[in-house]
Amino acid sequence: MRLTVIGCSGSYAGPTSPASCYLLEHEDAGRAWRIVLDLGNGALGVLQRHTRPELLDAVLLTHHHPDHLADMCGLFVMRKYRPGGPPPVRLPVYGPEGTDDRLAVAYGSPDAKDMARYFDYRVVRDAEPFRVGPFRVTPFRMNHPVESYGFRIACGETVIAYTGDTDTTPNLSPLLTGADLALMDSAFVDGRDPLPDIHLSGSRAAQAAVDAGGVRRLMLTHLPAWNDPAVCHAEAAAVWPGDVEMAQPEATYDVAPSA
Ligand SMILES: [Zn+2]
Ligand SMILES: [Zn+2]
């Protein structure tokens, strides 16, 4: 499975990265399959440097905060108004209950009601798996102020786990256990951000990965531009026994199963 970080800036687009968006690609049955996890502010522009958005097989939205879905408005415009007519099939859009209404509010103009003609909305629920081509996806309810999910994505023998936005929760264990790569929210800094039930810190992300067991690679993401990445890295490194990786905008990672 190939992961490209389209955007990894937490909470809002930063000077060097859009907000949350990750492209997953895999070749199967003679064709390439492509899904994106979240499509936050600024992501649609950078995404076009890595794939043609009309080739996406699905969009998976973790929750309804704008830093995870704002650019769905631009994607709707691309599909509805592109010269030559819209793509022949609606794009599957997975997300929490009410994603259709949330995107209509975000778009705001009278033709927002047309979004359902271009997006095939599918509601995700805790621990109810679904499939997009070769990607086997299991959503797990996370711990955030709005209904939010992490996605465990298996493809062949490879597993990538993406937390979306969350603080510590027992559901991190089934999400992360045995993952070849755990892509984890680390927006908060220990001591600086005391509010519970919003985001992980580097240390809490690492502890959750340790507790889940069998996680092969830990990658921190969703750092807002006001964070010092070295601080987040150090907090995680004090807990995690291996290398702590930091998601880098527009970096591509080939993720393979554990030996
Ligand atoms: Zn966020
Ligand atoms: Zn959020």
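Look up a bit, the structure's there.
Residues numbered from 1 in each chain as written. Chains lettered and ligands numbered in written order. Predicted model: local features only at pLDDT ≥ 70, side-chain atom pairs only at ≥ 80, totals over all residues.

Attention now moves to the pairing of strand β3 (residues 31–37). Of all 7 residues that make up β3, 5 are buried, and the element is covered over most of its length. Bridge analysis of strand β2 (residues 21–28) against β3 gives 7 bridges, and the strand direction is antiparallel. Along β3, the bridge assignment pairs E25 with R34. Where β2 folds back on β3, the antiparallel hairpin that results is connected by 2 residues, among which A29 adopts a positive phi of roughly 55°. (Buried ≥ 20, exposed ≤ 12 C-beta atoms within 10 Å, placed from the backbone. Helix = DSSP H or I, 4+ residues; strand = E, 2+ residues; numbered from the N terminus. Pairing = 2+ DSSP bridges.)

The strands making up a sheet associate through backbone hydrogen bonding, with each pair oriented either parallel or antiparallel. Sheet architecture is open: 7 strands sit in the order β6-β5-β4-β3-β2-β1-β14, paired in mixed fashion. The open sheet has two free edges, formed respectively by β6 (119–123) and β14 (252–254), since each of these has just one partner strand. This sheet shows a mean twist of 20° between the axes of neighbouring strands, independent of strand direction. As paired elements, strand β5 (residues 91–95) and β6 share 5 bridges and run parallel to each other. Within β6, the residue paired with G95 across the bridge is V123. (Axes fitted to C-alpha atoms, helices over the stretch in contact; angles between N-to-C directions.)

If you trace the 7 strands from one edge of the open sheet to the other, you get β7-β8-β9-β10-β11-β12-β13, paired in mixed fashion. Two strands lie at the open edges of the sheet, namely β7 (130–132) and β13 (244–246), each paired on one side alone. The mean inter-strand angle of the sheet, taken between neighbouring strand axes irrespective of direction, is 25°. Inspection of the sheet shows β7 paired to strand β8 (residues 135–141) by 3 bridges, in the antiparallel sense. Residue pairing for β8: V132 is matched across the bridge by F135. Packed onto the sheet, helix α8 (residues 229–237) meets β12 (218–221) and β13 and runs at close to 155° relative to β13. (Contact = placed C-beta atoms within 7 Å.)

Before going further, it helps to spend a moment on helix α4 (residues 99–107). Within the span of α4, buried status applies to T99, R102 and L103. Projection of α4 onto a plane perpendicular to its axis shows the buried side chains occupying an angular sector of 95°, all on one side. Looking at the packing, one finds that the buried side of α4 touches α2 (66–69), α3 (72–81), β5, α5 (115–118) and β6. Among the residues trailing α4, G108 stands out with phi positive, at a value near 85°. (Arc of directions from axis to C-beta.)

With that out of the way, let us pick up the environment of R79. As for its position among the elements, R79 is in helix α3. A tally of 21 C-beta atoms within 10 Å means that R79 is categorised as buried. Distance from R79 to F119, taken between C-alpha atoms, is 9.2 Å for residues 40 residues apart in sequence. Beyond its immediate sequence surroundings of up to four residues, R79 is in contact with P86, P87, L91 and Y118.

Let's shift gears to unusual backbone geometry. Here the phi dihedral of D197 falls at roughly 65°; this positive angle occurs in a residue that is not glycine. Along the chain, the position of D197 falls in the loop between β11 (181–185) and α7 (202–212). The phi torsion at H222 lies on the positive side, around 60°, for a residue other than glycine. Assessed through the 31 C-beta atoms surrounding it within 10 Å, H222 is described here as buried.

All right, on to the pairing of strand β1 (residues 2–7) then. Counting buried residues in β1 gives 5 out of 6 residues, a clear majority hidden from the surface. Pairing of β1 with β2 involves 5 bridges; the strand directions are antiparallel. Pairing of R2 across the sheet is with E25, part of β2. With 3 bridges joining them, β1 and β14 adopt antiparallel strand pairing. Opposite L3, over in β14, you have Y253 as the bridge partner.

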